[in-house]
Amino acid sequence: MTLVKSFADKMEVMLGAKIGAILNIVDETEERNKNHPYREDLDFEYYNANFLNVYDNVSVKFENGSTGKVPKLRQDYQYMNFTTNDKFQDQLINFTYSTLQVPVNIYKKDPAVVNGIFMTESLNKVFYENMLNDSTLTWQYFASSTGFFRNYPGVTWDTEDGQIDHFDARDRPWYLQASHSPKDIVILLDTSGSMTGSREFVARNAIHHIIETLLDDDFFNIITFSEDVTYLEECFTDTLVQANSDNKEYLKGKTKEIESNGIANFERALEVAFKLLNASKVNKTGSSCSQAIMLLTDGAVENFEHIFTKYNARKEVRVFTYIIGRDVKNSEPVKWMACNNKGYYTQIATLADVKINIMQYIHVLSRPMVIEKKYQFKWTNVYMDVGSAGLRLMTTVSIPAFDKAVGRENEGNLLGVAGVDVPISEMNKFTPSFQLGFNGYTFAITNNGYIIFHPDLRPKYTTNRNREKDKPNYNSVDLSEVEMYDSKREPSCNNETQECTTKVTHKDELRTKIVNAEIGSHSLDNVVYQISDWTRAAKRNMSYFFRPLKQTPFRLGIALDKHFGLTEFSLEGLTSEVSEQMRALNYTVDSRWNYEYRPQQPKEESSDHIQLDAVKSTCSLAHCNIYCQMGTGEKNQLELIRQQQFNVSFDQKPCDAAIVKMVVEDAVITYKLMNQVWKKRSSMTQSKWGDPFPSESVVADFVATRSGFLRYQIDNRDEKLEGTMKTRFAGSPFQAEYFKIPSSAYSLTENEDILVYWVPTSTTTNYDGPEPVQETDHLNVLAAAQLVFAKSKSAGYQNKEKKAISSVVGVYLDLDDAMVAFNKSISNLGSRHDLTNDENNVFTKIESCTNSTLIDCYLLDHHGFVVMSENKAHVSKFFGAVDGNAMLSLVNHTLYNRMVLKDMQGMCVSEKVEKKTKSASNTLHSRQSFAANQVLSNVFGVSSFLLNMFLQLMLNCFSLNFLSLLSPWDAFDNIVAAEKTMDQLMEHIYSPCDMEKTVFLRDFKQPRKKPDANSFPCHTGSKTSEDKCMRDYLFQSIENTNLVFVVVMNKQDCTCNSEPMDLRLRKKEYTQKMERCSRLAERKHRMRPPECHSFHQLEDSKHCGRSTTLSASKWVLLLLPIVVNTLRKLLLVF
């Protein structure tokens, strides 16, 4: 609990600074508004982000008489001086001024717009001072209710040639959240016979815009009516659903199924809507705040006053009405419905009218809050920063600004909303993983249970055209969809009543506690996680610690592995001389940790993981400006870091002394490993290491530590392989396969001595055919690794000794050399008495696996993948794909357990479209103290033992595994192939879906130290009575490894068509209606926002609507600059 509080306290200080900055913006805006004299004739020039720094080449005549073309600033454009800054993803920015953006449907010379821009010019100084006071501050902005958007630092607003800028800040989540309280919305759509053709199309588009204004704290449903009243989705009948991304996209898609005919039954439709809202209020199944009905129709013959008197006498439900179409009749009854129920009435004649008219309801809902002058800090869910380079997740804090001018205090005028962006990466900096252990991680969720950050949040997907895109629902991924458990939360459905219920399990208690903003802890066993890109899975027992973050709707959580995540260790007895150790050999450090000040890191040196080129006794890290002070004891002070004064810039940050200390400690330890083991190996004779496995077979050695420090040694025999291995070592040790796979084996066995072997694979995509095909292969190397533990004699979890992972140590071996050793060991099975001492054993007369069609020999790892086989083509393949019947028999004999792995963030192909493109995207891609000598001894022993153990395993029919990665050359070839054939591919349209696959895990509960002989039928499913169609096999576990030796007999007189097992991720099909409805309408526990402002007695509801949005003259003024600009571009072509 101490650790999560420490993380939360630091994060709250950072987030609190953002709230302070935004208050400065609002205070300045409201103060300027009080004293600003409004002028209809005000003419004020401002930096319009859409009209900056665009030049045309114009013809000129030079003094020497020659002619030519020179760049000239385009008419109506302004020049602004820009610079780049890595904190803003190298975008061109201006720190002196903000820039303005005006939506295309707003006239930029409108007096209200110009007065607002002039009034807020003083924000430039506020923005700049905020940036000086908080070096982590990024984008700051103010969006006016009149439409303009002021953004700081100043930036150009790029749009593609010929494209119209449709951005309007007022429909962004941060604006909508701050401008009004949560709401329940029922959308009533008239689908009578008169609502056909263009009216139906405009109405459908209007519904889409309404849905886009809904937020996570809102609830809604769509009801269509003609003679009958029908819910658009029958699974949502008589309920409101949360307005998350999944539900919004789903119901938007359902609008395509709307058909219009018959006569409109307004009375019945209004009754159903009022009853639904009342039930939601009584049962507290909605927002428990504002409620509204939105009616879309082309007219009504009466106002149905008796219905409103019966169900809405107190006018607690607002009514917003939208007349659809140009020529409308019977509009007065529809207007009455809105004006007599505190709503708003408007006409939507064409598609151009939709957006601006829909947005009117927001200002109506904002009136109570504005009159009360109730400020509410609102934080958005996570979203992708538009226009940034690479993956940049953000959240925004926003707050409304009110009109407090004398005489207008009670009019309910919203000046606008101020916002400040917070990169999620800034939040992550306060949760350093090096303090959590290898399997530990942090996460944060909202009051709705949606992920803010989590190691398994995957907001991107790759299309069949090799293009990376944002998932439409990445910001509504629930905690329960990433924290997966072996005991799953499945719906229980009654076939007779067609009703489904979901049993609340132990894991739901964890989510409920965190959502409820409790401060506490929780334990869960059998937490399931995927590794190696969903090809493997593992389980672990976790302890969770959590608490809310003050002044936000966020909850911070820490997950620690029960086995070795609850103890932190430090080292004693290290020498203070470290310059040699830090300069020696190849090593990387995890760039997520703050080792240093990096005020202006050169672009060419930026990478996910940086090289610390020279950490001398004074710790002169690359680009360090200010260093930390630290020591390791009273006698041996590591004077590594000295204070120095340099010029500061916006993005300077102090380094973390704890992590720098850990890195130095690990550098000292691993340096001795390198000198005492790795370097001496080249001078050792072959006989010392044993025949037939020479030391030259080692492709690479590595050791990765708990600080993120990785030291490695790579053989340079093969330039391509060397490059691939360096790429392999470039990743974070905490996320690397060379840690996750050994860790998964340990979690199953709890055997600290277990040696873990595997054959790593790389997956490439072949674009040569009409559809892309994924191909998996190995890199011709074999990996072996072991976890190294530091221990304490004092009692820990469940009275066991305390321990923590200090490092993972391993080697990569040449696959061909390993296969030579393996084939030699299986060439004389007849001498293996442990396998053949049973006279009834069919293998007694078998002398060899090699050169025989009667017998196949395999070494399998703990996930069922082939580590060794006499057939190299089988190596790295899943055994079930090689021999499905044999694998099924191993499962039936409980050697392996089957487990279903679910991906609740899947993207599935929903449609295929013929569409061509010119090019492909190039996207690739309690504290204890331990003596240092104890850890050194463990590391040395493992490194030496790994190499020697290989020979022993081979001689005893025991084997290893391999690691691989796509080489840069292969990646280049793939891009070229994609460019050549991408035009031939059909474009796939993707939509969110649930996916699942079957994976297999070794059952280590039974030792299996002796050979186990069995038989299985040739054909899957039915057992034949003919003995000739039964295949014999035996298997034996290999002690202190993750391997099992399998020997399978083939029969010459029996044709065995082994059906391969499929491990691919597949879409989860909800075939039964009740199962589908249970998934769609599933309600997860949430915590409502604490404040609600739904009504105010001083509201003036007389201003309740208009029939048109803009006069003809206004439309001419709006369209004129667009037309002129388009004509200018056309003329430039000629």
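Procedures and definitions
Residues numbered from 1 in each chain as written. Predicted model: local features only at pLDDT ≥ 70, side-chain atom pairs only at ≥ 80, totals over all residues. Heavy atoms only, no water. Disulfide = S-S within 2.5 Å. Buried < 20%, exposed > 50% of the residue type's maximum accessible area, 1.4 Å probe, protein only. Helix = DSSP H or I, 4+ residues; strand = E, 2+ residues; numbered from the N terminus. Core = buried A, V, L, I, M, F, W, Y, C linked by side-chain atoms within 4.5 Å. Contact = heavy atoms within 4.5 Å. Arc of directions from axis to C-beta. Polar contact = N/O pair within 3.5 Å; in protein donor to acceptor, adjacent residues only side chain to side chain. Phe/Tyr/Trp six-rings, centres within 6.5 Å; stacked < 30°, edge-to-face > 60°. Lys NZ or Arg CZ within 6 Å of the ring centre and 35° of its normal. Pairing = 2+ DSSP bridges. Axes fitted to C-alpha atoms, helices over the stretch in contact; angles between N-to-C directions.

Draft legend 1. Region of interest: the state of the cysteines. With the rule as written, the count across this model stands at 4 disulfides. Here cysteine 289 engages in a disulfide with cysteine 1092; their sulfurs sit 2.0 Å apart. The disulfide joining cysteine 289 to cysteine 1092 has a torsion of about 100° about its S-S bond and is therefore right-handed. The buried category is assigned to cysteine 289, whose relative accessible area is 14%. The disulfide that involves cysteine 908 links it to cysteine 993, with 1.8 Å between the sulfurs. In this structure, the disulfide formed by cysteine 908 and cysteine 993 twists by about 70° around the S-S bond and is classed as right-handed. Assessed through its relative accessible area of 9%, cysteine 908 is described here as buried.

Draft legend 2. Structural context of unusual backbone geometry. Note the cis peptide between tyrosine 152 and proline 153, where omega equals -5°. Assignment of secondary structure puts proline 153 in the loop between β7 (149-152) and α4 (173-179). Positioned with a positive phi, asparagine 330 is a non-glycine residue whose angle comes to about 55°. Structurally, asparagine 330 is set in the loop between β13 (317-324) and α9 (332-339).

Draft legend 3. Highlighting the nonpolar core. Core analysis: the biggest nonpolar cluster contains 89 residues, and Met427 and Tyr544 have the highest contact counts within it. With 11 residues, helix α1 (residues 2-35) is the single largest residue contributor to this core. Apart from residues no more than four positions distant in its own chain, tyrosine 544 is found in contact with Tyr441, Phe443, Glu483, Tyr485, Leu510, Gly520, Ser521, His522, Leu524, Val527, Ile558 and Ala559. Ile187, Leu189, Val202 and Leu251 belong to the second-largest nonpolar core, a separate cluster that totals 39 residues.

Draft legend 4. Broad picture of helix α19 (residues 815-825). Among the residues making up α19, those that are buried are Leu815, Ala818, Met819, Ala821, Phe822 and Ser825. Buried residues in α19, looked at end-on, bunch into an arc of 160°, giving them a common side. The distance from a side-chain oxygen at the start of α19 to the backbone nitrogen of aspartate 816 is 3.0 Å, and the residue carrying that oxygen is aspartate 814.

Draft legend 5. Geometry of the packing of aromatic side chains. The full count for this structure, using the stated rule, is 37 aromatic pairs. Ring plane angle 45° and centroid distance 6.2 Å describe the contact between phenylalanine 149 and tryptophan 174, whose orientation is recorded as tilted. Remark: tryptophan 174 occurs in helix α4 and phenylalanine 149 occurs in strand β7; sequence separation between them is 25 residues. Each member of the pair, phenylalanine 149 as well as tryptophan 174, carries the same accessibility label: buried. Here the aromatic rings of phenylalanine 729 and tyrosine 812 are separated by 5.9 Å at their centres, their planes lie at 70°, and the arrangement is edge-to-face. With phenylalanine 729 in the loop between α17 (719-728) and α18 (737-749) and tyrosine 812 in strand β38 (residues 801-814), the pair connects residues that are 83 residues apart, well separated along the chain. When sorted by exposure, phenylalanine 729 lands in the same class as tyrosine 812, which is buried. What links up through ring pairs into an aromatic cluster is the set Tyr141, Phe149, Trp157, Phe167, Trp174 and Tyr175. Directly above the aromatic system of phenylalanine 51 lies the positively charged group of lysine 108, at a separation of 4.2 Å from the ring centroid. Its end group placed over the ring of tyrosine 529, arginine 540 keeps NZ or CZ at 3.7 Å from the ring centre.

Draft legend 6. Main features of the sheet that holds strand β20 (residues 451-453). Strand order in the open sheet formed by 6 strands is β20-β19-β28-β27-β26-β23, with antiparallel pairing between adjacent strands. Only two strands of the sheet have a single neighbouring strand rather than two, namely β20 and β23 (484-485). Relative to strand β28 (residues 555-561), α1 is tilted by about 145°, and along the sheet it contacts β19 (441-445), β20, β27 (536-548) and β28. Taken strand by strand, α18 contacts β26 (520-531) and β27, and its axis lies near 120° from that of β26.

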